[in-house]
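# Structure at a glance
Spelled out from the first residue to the last, the chains are:
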Amino acid sequence: MDEKQFVNLVVVNESKLARYGWYYLKNIDDVNDTLQDLFVRLWKMRFTLANYDSVLALSMTMMRNMCFDKLRKQKGLVNLSIDQLPDIIDFPPNENQSTEITKLYLEINKLTGLQKEIITLKDIEGYDYQEICQILDLEIGAVRTNLCRARQKIRDRIIKNRENGR
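Small disclaimer: the values here were computed from a predicted structure and weren't measured.

One pair of aromatic rings is described through two measures. These are the centre distance and the angle between the planes. Following the criterion strictly, the structure yields four aromatic pairs and no others. Relative to Trp43, the ring of Phe6 has its centre 5.1 Å away and its plane inclined at 90 degrees; by these criteria the two rings are edge-to-face. One end of the pair, Phe6, is in helix H1 (residues 3-9); the other, Trp43, is in helix H3 (residues 28-44), and 37 residues separate them in sequence. Judged by its relative accessible area of 6%, Phe6 is buried. Residue class for Trp43 comes out partly exposed when judged on its relative accessible area of 31%. For the ring pair Tyr20 and Tyr24, a centre distance of 5.3 Å and an interplane angle of 80 degrees mean the geometry is edge-to-face.

On to the nonpolar core, then. Of all hydrophobic cores here, the largest spans 39 residues; its most connected members are Tyr20, Leu38, Leu42, Met60, Leu121 and Ile135. Of all the elements in the fold, those that place two or more residues in this core are helix H2 (14-25), H3, helix H4 (55-75), helix H5 (99-109), helix H6 (113-124), helix H7 (129-136) and helix H8 (140-163). Contact partners of Tyr20, with chain neighbours within four places excluded, come to Met60, Met63, Arg64, Glu117, Leu121, Ile135 and Leu136.

Turning our eyes to something else, we now look at the confidence of the model for the chain. This prediction gives the chain a mean pLDDT of 83; 86% of its residues lie at or above 70. Highest mean pLDDT in the chain belongs to H3 (94); lowest belongs to H5 (78). Here residues 88-93 scores under 50 on pLDDT; set against residues more than four positions off or in separate chains, the count is 20 contacts.

What counts and what doesn't
- Residues numbered from 1 in each chain as written.
- Predicted model: local features only at pLDDT ≥ 70, side-chain atom pairs only at ≥ 80, totals over all residues.
- Heavy atoms only, no water.
- Phe/Tyr/Trp six-rings, centres within 6.5 Å; stacked < 30°, edge-to-face > 60°.
- Helix = DSSP H or I, 4+ residues; strand = E, 2+ residues; numbered from the N terminus.
- Buried < 20%, exposed > 50% of the residue type's maximum accessible area, 1.4 Å probe, protein only.
- Core = buried A, V, L, I, M, F, W, Y, C linked by side-chain atoms within 4.5 Å.
- Contact = heavy atoms within 4.5 Å.
- pLDDT = per-residue confidence, 0-100.

Structure (structure tokens):
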């Protein structure tokens, strides 16, 4: 694989990978460092990338793991669980964002780590089930179940808040 092919296969996803890194690290310098390390690792693997079903899913998985490693080092944690991570959704309200969207993001942040991550990948980032399975190393049934439960929790909370006048 030459440099042009690598750019068309890997680097083209830079913004998605950076956004995904931001969900975890919340620091642009850390995200950029991690992204560059990821590209170096993928470049070293360039001759075997054709063996993967989805280079994007591989890249996202590697980015996720590298972010976890960085957080573990920063926090001095050996066994960091997904529930100890910062909020995945970090979209501050702005003039262009409706109150309903802001409420939805706040409800997503109240979900457990895995449900939060799956709903983010599916409903916000737009990944399909197979990609999510590859990124998170889960079976499709687990992804569908967690997504269904996450959506139901959000729906129930929003209905309850409307009934209570919030």
